[in-house]
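Residues per chain, in single letters:
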Amino acid sequence: MIGLISATAAGAAARDRLAAAWPDRTRVYEGPVGEAVRAAFAECEQLVCFLATGAVVRLLAPLLGDKTADPGVVCVDEGGRFAVSLVGGHGGGANDLAREVGEVLGAEPVVTTATDCAGLPGLDTLGLPYEGSVAVVSRALLDGEPVVLDAEVPWPLPPLPASAEGSYRIRLTDRAVEPGEREVLLRPPSLVVGVGASRGAPAEEVLGLIDEALREAGLSQRSVAELATVDAKAEEPGIVAAAARLGVPLVTYSAEELAAVEVPNPSDAPLAAVGTPSVAEAAALVRGGELLVPKRKSAAQPAMATCAVVRRPGRGRLAVVGLGPGARDLLTPRAAAELRRASVLVGLDQYVDQIRDLLRPGTRVLESGLGAEEQRARTAVAEARRGHAVALIGSGDAGVYAMASPALAEASDDIDVVGVPGVTAALAAAAILGAPLGHDHVSISLSDLHTPWEVIERRVRAAAEADLVVTFYNPRSRGRDWQLPKALGILAEHREPATPVGVVRNASRSDESGRVTTLAALDPATVDMMTVVTVGNTATRNVAGRMVTPRGYRWQDTPQEGAK
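Residues numbered from 1 in each chain as written. Predicted model: local features only at pLDDT ≥ 70, side-chain atom pairs only at ≥ 80, totals over all residues. Heavy atoms only, no water.

Caption draft 1: Inspection of the pattern of salt bridges at higher detail. For the structure shown, the criterion picks out 34 salt bridges. Residue glutamate 226 is joined to arginine 312 by a salt bridge in which the shortest nitrogen-to-oxygen separation is 3.4 Å. Of the two residues, glutamate 226 sits in strand β12 (residues 224-230) while arginine 312 sits in the loop between β15 (305-311) and β16 (317-322), which places them 86 residues apart along the sequence. In this structure, glutamate 226 and arginine 312 share a single accessibility class: buried. Its salt-bridge partner being arginine 505, residue aspartate 528 comes within 2.8 Å of it at the nearest N-O pair. Of this pair, aspartate 528 sits in the loop between β25 (513-518) and β26 (531-535) while arginine 505 sits in strand β24 (residues 500-505), placing them 23 residues apart in sequence. (Salt bridge = Lys/Arg side-chain N within 4 Å of Asp/Glu carboxyl O. Helix = DSSP H or I, 4+ residues; strand = E, 2+ residues; numbered from the N terminus. Buried < 20%, exposed > 50% of the residue type's maximum accessible area, 1.4 Å probe, protein only.)

Okay, structure coming up:
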């Protein structure tokens, strides 16, 4: 919950705007400001104070304890111009909250955390448990000192400017080791503990067995991702309590699923009891991984619990990101966040140049020229399979004549795939032209490099006969100068010569140009590969110089004022 505190009418007005925007996330604290701050600090995960920073500092000073536990605090000034991350930038989430508040109120987020200002991911913001000298190693990164990244377990981390040698170290490990003086340990959730238990097995026996197994194998309890067992034990109190005390989910599988898993130590006892020759080993191995601790029994007599431990490597992550038509303000916040998250970027060289300034230090960039789309897709998928966080970029929307199709054709279920939508060229052009896509419409690429012309022509003819608005991508190049006239001729068989046609070149870019002409007047020679051509249907009109296709409402018979 986010506590909201204000002292003046102007502050209350901004406070109420935030409360209205986030009704389920916020709680307004009324009354004397000091009492309100103290109450909110004790009861909420975060605070937004519509007060001067000096006043908030004085009120918070006696309340502050540990930065890992204190709530994040954001201050918004009287004029609503700035949202200042004051306390708990990382641990309390104040940096992200300041950005969110800024979006709602139109305020400038002010973040002074050193790593954020330098474009580096904070070691305490990676979503992994950590140990060691975070401040010391972070300072080394900021000062450009060589820092070694030792990833003992493959995991999709954001980019870190790592060196092959150095006296500072970031160690990604699930081993039970102590951090050195200049070292940070990051604990990936890589361990799965399979558990079996007799009815009524005490939680202490289950927990003791797990602790002993991890300790003897030299593994860290902080890297346990989940406990796994058979469905029949889903409500076994000792197993349920053990998962709760470890703070991890309990995942269950059917006996049929577990029986299909090949294990080194099958047994007749669980087969008779629950229908599978293995519970602990099979439940740990069912989704793959390396068996680190084979099945072992608890020390109690009789033993009522078994466990096994498997290391699952982190799944690589492929984000297929649409950059939009080119203008920076049409790049979505989600796309920008994925670019910052990726440790590997794959893309066409000219698209990489558009967003290079958004990449974090340490991002590995794999760029190539025109015509290498399939190779880029294969490269991106291969990097994700190595456990990296990968962003594969394309212009517009990555799923529209872009990189999503070849990438997903290469990808299998061994990696996580995320699609990030972008503003397409057709939509950017339509916004410039007016409202040409107000009713049913279709996009057709006129490039016959990958699609036979016979197929393209059949699609154009079908769109013409169906009276659809048509947007042509890749309309004309030096080597393909006859396809656009041919396509326009097919449309002309079904539409009047005065049908509005929109021509937009470099939509949203600095040299953008757009015009509305007619089917009869359009000169194909004025069109190139940077152009999008939109041909209206029989209902499309030119209204005050803009293309308008009605949504299906009755089009007025009498001409509109200013219509042509």
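Caption draft 2: Main features of the packing of aromatic side chains. Counted under the stated rule, the structure contains 2 aromatic pairs. Centroid distance tyrosine 401 to tyrosine 473: 4.7 Å. Interplanar angle 55 degrees. Geometry classified as tilted. Of this pair, tyrosine 401 sits in the loop between β19 (389-394) and α15 (404-410) while tyrosine 473 sits in strand β23 (residues 469-473), and the two are 72 residues apart along the sequence. The exposure class assigned to tyrosine 473 is buried, which follows from its relative accessible area of 10%. Summarising the aromatic geometry, the rings of tryptophan 453 and tryptophan 482 are spaced 5.0 Å apart at their centres and angled 70 degrees between planes, so their arrangement reads as edge-to-face. With tryptophan 453 in helix α17 (residues 453-465) and tryptophan 482 in the loop between β23 and α18 (483-492), the pair connects residues that are 29 residues apart, well separated along the chain. Residue tryptophan 482 is classed as partly exposed on the basis of its relative accessible area, which comes to 41%. Here the guanidinium or amino end of arginine 25 rests over the ring plane of tryptophan 22, the centre of that ring lying 4.3 Å away. (Phe/Tyr/Trp six-rings, centres within 6.5 Å; stacked < 30°, edge-to-face > 60°. Lys NZ or Arg CZ within 6 Å of the ring centre and 35° of its normal.)

Caption draft 3: Structural context of the packing of helix α7 (residues 203-217) against helix α8 (residues 237-246). At a minimum axis distance of 8 Å, the contact between α7 and α8 shows a crossing angle of 55 degrees. In terms of axis orientation, α7 runs oblique to α8. For the element pair α7 and α8, the recorded crossing hand is right-handed. Of α8, the residues touching α7 (which contributes Ala203, Glu204, Val206, Leu207 and Ile210) are Gly238, Ala241, Ala242, Arg245 and Leu246. Class assignment for the residues of the contact of α7 with α8 results in 7 nonpolar, 1 polar and 2 charged. (Axes fitted to C-alpha atoms, helices over the stretch in contact; angles between N-to-C directions. Parallel < 35°, antiparallel > 145°, perpendicular 65-115°, else oblique. Left-handed = near helix turned anticlockwise from the far one by under 90°. Contact = heavy atoms within 4.5 Å. Nonpolar A, V, L, I, M, F, W, Y, C, P; charged D, E, K, R; others polar.)

Caption draft 4: The side chain of threonine 499, seen in detail. When you line up the elements, threonine 499 lands in the loop between α18 and β24. The class of threonine 499 is buried, set by a relative accessible area of 5%. Excluding residues that lie within four positions of it along the chain, threonine 499 makes contacts with Thr517, Thr518, Leu519, Val535, Gly536 and Asn537.

Caption draft 5: The arrangement of the sheet that holds β19 in detail. The parallel open sheet is built from 5 strands, whose spatial order is β18-β17-β19-β16-β20. The sheet is open, and its two edges are formed by β18 (364-368) and β20 (416-420), each paired on a single side. The average angle at which neighbouring strand axes cross in this sheet is 15 degrees, direction not considered. For β16 and β19, the ladder comprises 6 bridges, and the chain directions are parallel. (Pairing = 2+ DSSP bridges.)

Caption draft 6: Structural context of the layout of surface pockets. Here the largest pocket defines a volume of roughly 1,500 Å³. Around the largest pocket, the lining comprises 46 residues; the ones closest to its centre are Tyr351, Glu373, Tyr401, Asn474 and Met529. When residues of the lining of the largest pocket are assigned to their parent elements, the largest contribution, 4 residues, is made by helix α14 (residues 373-385). Residue classes in the lining of the largest pocket are distributed as 20 nonpolar, 19 polar and 7 charged. Surrounding the second largest pocket, 37 residues form its lining, Asp96, Arg99, Ala337, Arg340 and Arg360 being those nearest its centre. When residues of the lining of the second largest pocket are traced back to their parent elements, those giving at least two are α4 (94-105), β6 (108-110), α5 (114-117) and α12 (333-341). Each residue belonging to the lining of the second largest pocket can be placed in one class, and the counts come to 17 nonpolar, 9 polar and 11 charged. (1 Å grid on protein atoms, 1.4 Å probe; cavity = no way out; pocket = protein on both sides within 12 Å on 5 of 7 lines; lining within 4 Å. Points joined across faces, edges and corners; volume = space filled by probe spheres on them.)

Caption draft 7: Representation of the pairing of strand β13 (residues 250-253) in the model. Where β12 and β13 come together, 4 bridges link them in parallel fashion. Following the sheet pairing, threonine 229 is matched in β13 by threonine 252. Read from β12 through α8 to β13, the crossover connection turns out right-handed. (Right-handed = clockwise from strand over helix to strand, strands pointing away.)

Caption draft 8: The side chain of serine 445, seen in detail. Its location among the elements puts serine 445 in strand β22 (residues 441-445). Only 3.3 Å separates the side chain of serine 445 from the backbone nitrogen of serine 447, close enough to count as a polar contact. Among all residues touching serine 445, those that are not within four sequence positions of it are Tyr401, Ile456, Tyr473 and Asn474. (Polar contact = N/O pair within 3.5 Å; in protein donor to acceptor, adjacent residues only side chain to side chain.)

Caption draft 9: Representation of helix α2 (residues 33-43) in the model. Taken as a whole, α2 has its buried residues at Gly34, Ala36, Val37, Ala40 and Phe41. Axial view of α2: buried residues confined to an arc of 165 degrees, hence all on one face. Its buried side turned inward, α2 meets β1 (2-6), β2 (26-29), β3 (46-50) and α3 (53-60). (Arc of directions from axis to C-beta.)

Caption draft 10: Region of interest: the environment of leucine 105. Here leucine 105 shows up in helix α4. With a relative accessible area of 10%, leucine 105 lands in the buried category. Taking the C-alpha atoms as reference, leucine 105 lies 7.3 Å from alanine 14; in sequence the two are 91 residues apart.

Remember that the coordinates give geometry; whether it matters functionally is a separate question.
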